[in-house]
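Tertiary structure, described
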Amino acid sequence: MLKALILDWAGTAVDFGSRAPMGAFVEAFAQVGIEISISEARGPMGLPKRDHVATLIYSPEIAARWQAAHGAAPTEADVDRVLAIFEPLNVEVIPRHADLIPGLLDVVGEARRRGMKIGSTTGYTRPIMEKLMPLAAEAGYAPDNVVCAGDLSAGRPSPLMMYRTFADLGVWPPSACVKLDDTEPGIAEGLAAGTWTVGLALSGNAAGLSREELVALSPDERAALRARASARLFAAGAHFVIDSVADLLPVLDAIEARLTAGLRP
């Protein structure tokens, strides 16, 4: 009954903890004389990268720092300036953050065995993905399509990248598709397109930790982190929340049971 699994990239399929963009955002702002924290950089994660920069630069706190540093409020030209610095920095670090998230290949293989297509959307731009896609393919992951921020007139949280994915894969209705994502804008994208949405609490931006950092937590610390991240994703509208892609197969079974009972997203 399910026809497609549509995955985000960083924090969902690759780059446990969604760490590649973080240093690049901090460094890009530093190069224009503005200090931002990792926590601030993570805030708009999931948005197209220009929208991400704009959300940061126009936030009251960072806009005030910009005013103090430059004697004027930030402008759209400043957004483009920071983005132009950010993109090559992100491309440069991609090889260090291209590892597949454990369990991905098993889940994708089983989804294909069930007859599902594998789609993907991302907040990354096409130049960033041109660096990442070959590395993922070498490791065994090559989805049936890739729609990037900037490919269409609007990215997340609009449904346009999902609509392109439906067309690329030849799948419909949206209720026969599942969107897997680690960010609120990615969940919103799936909801806007009418798909089932599954949030990822521990492998991506919501937790923001590497596998090693996550393993080093005590069971109580990990449970508390899971609870906080899950609450964020459920508040964004996720139908289900799991730790990582490795936990997805029982959710696909649960969704198929709902479809059989006549339920829709």
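Computed from a predicted structure; not experimentally measured. (Residues numbered from 1 in each chain as written. Predicted model: local features only at pLDDT ≥ 70, side-chain atom pairs only at ≥ 80, totals over all residues. Heavy atoms only, no water.)

With domains assigned, the protein is organised as domain 1 (4-16 + 99-261) and domain 2 (19-96). Of note, the centres of domain 1 and domain 2, computed from C-alpha atoms alone, are 24 Å apart. Of the residues lining the interface, 21 residues belong to domain 1; the matching set on domain 2 comes to 17 residues. Summed over both partners, the interface of domain 1 with domain 2 comes to about 1,600 Å²; 61% of that surface belongs to carbon and sulfur atoms. Area buried by domain 1 at its contact with domain 2 is led by Tyr124, Ile128 and Asn205, which between them contribute 28% of it. If you look at where domain 1 meets domain 2, you find one salt bridge. In this structure, Glu213 and Arg19 form a salt bridge, with 3.1 Å as the shortest nitrogen-oxygen distance. Summed over the shared surface of domain 1 and domain 2, the number is nine residue pairs in polar contact (both at pLDDT 80 or more). (Domains from an automatic or database assignment. Contact = heavy atoms within 4.5 Å. Buried area = accessible area lost by both parts, 1.4 Å probe. Salt bridge = Lys/Arg side-chain N within 4 Å of Asp/Glu carboxyl O. Polar contact = N/O pair within 3.5 Å; in protein donor to acceptor, adjacent residues only side chain to side chain.)

Quick look at the UniProt feature "binding site: Mg(2+)" (unreviewed entry) in the protein now. Here, the residues flagged by UniProt with the feature "binding site: Mg(2+)" (unreviewed entry) are Asp8, Ala10 and Asp182. The greatest C-alpha distance among the annotated residues, which extend across 175 residues, is 8.4 Å, indicating that they converge on a single site. Lining the largest cavity, from the residues named above, are Asp8, Ala10 and Asp182. Position of Ala10 relative to the elements: it lies in the loop between β1 (4-7) and α1 (20-30). Ala10 sits in the buried class, given a relative accessible area of 11%. (UniProt positions renumbered as here; feature names shortened; annotations may be inferred. 1 Å grid on protein atoms, 1.4 Å probe; cavity = no way out; pocket = protein on both sides within 12 Å on 5 of 7 lines; lining within 4 Å. Helix = DSSP H or I, 4+ residues; strand = E, 2+ residues; numbered from the N terminus. Buried < 20%, exposed > 50% of the residue type's maximum accessible area, 1.4 Å probe, protein only.)

Here we come to the UniProt feature "active site" (unreviewed entry) in the protein. Annotation from UniProt places "active site" (unreviewed entry) at Asp8 and Lys49. What stands out for the annotated residues spanning 42 residues is how close their C-alpha atoms remain, the widest pair being 14.1 Å apart. In the annotated set above, the residues contributing to the lining of the largest cavity are Asp8 and Lys49. Secondary-structure assignment places Asp8 in the loop between β1 and α1. Judged by relative accessible area, Asp8 falls into the buried class, the value being 5%. In this structure Asp8 touches Ala13, Thr121, Thr122, Arg156, Lys179, Leu180, Asp181 and Asp182, once residues within four positions along its chain are discounted. A polar contact is formed between the side chain of Asp8 and the side chain of Arg156, at a distance of 3.0 Å. When you line up the elements, Lys49 lands in helix α3 (residues 49-57). With a relative accessible area of 3%, Lys49 lands in the buried category. In this structure, Lys49 is in contact with Phe25, Leu83, Phe86, Gly123, Tyr124, Thr125 and Ala149, ignoring residues within four places of it in sequence.

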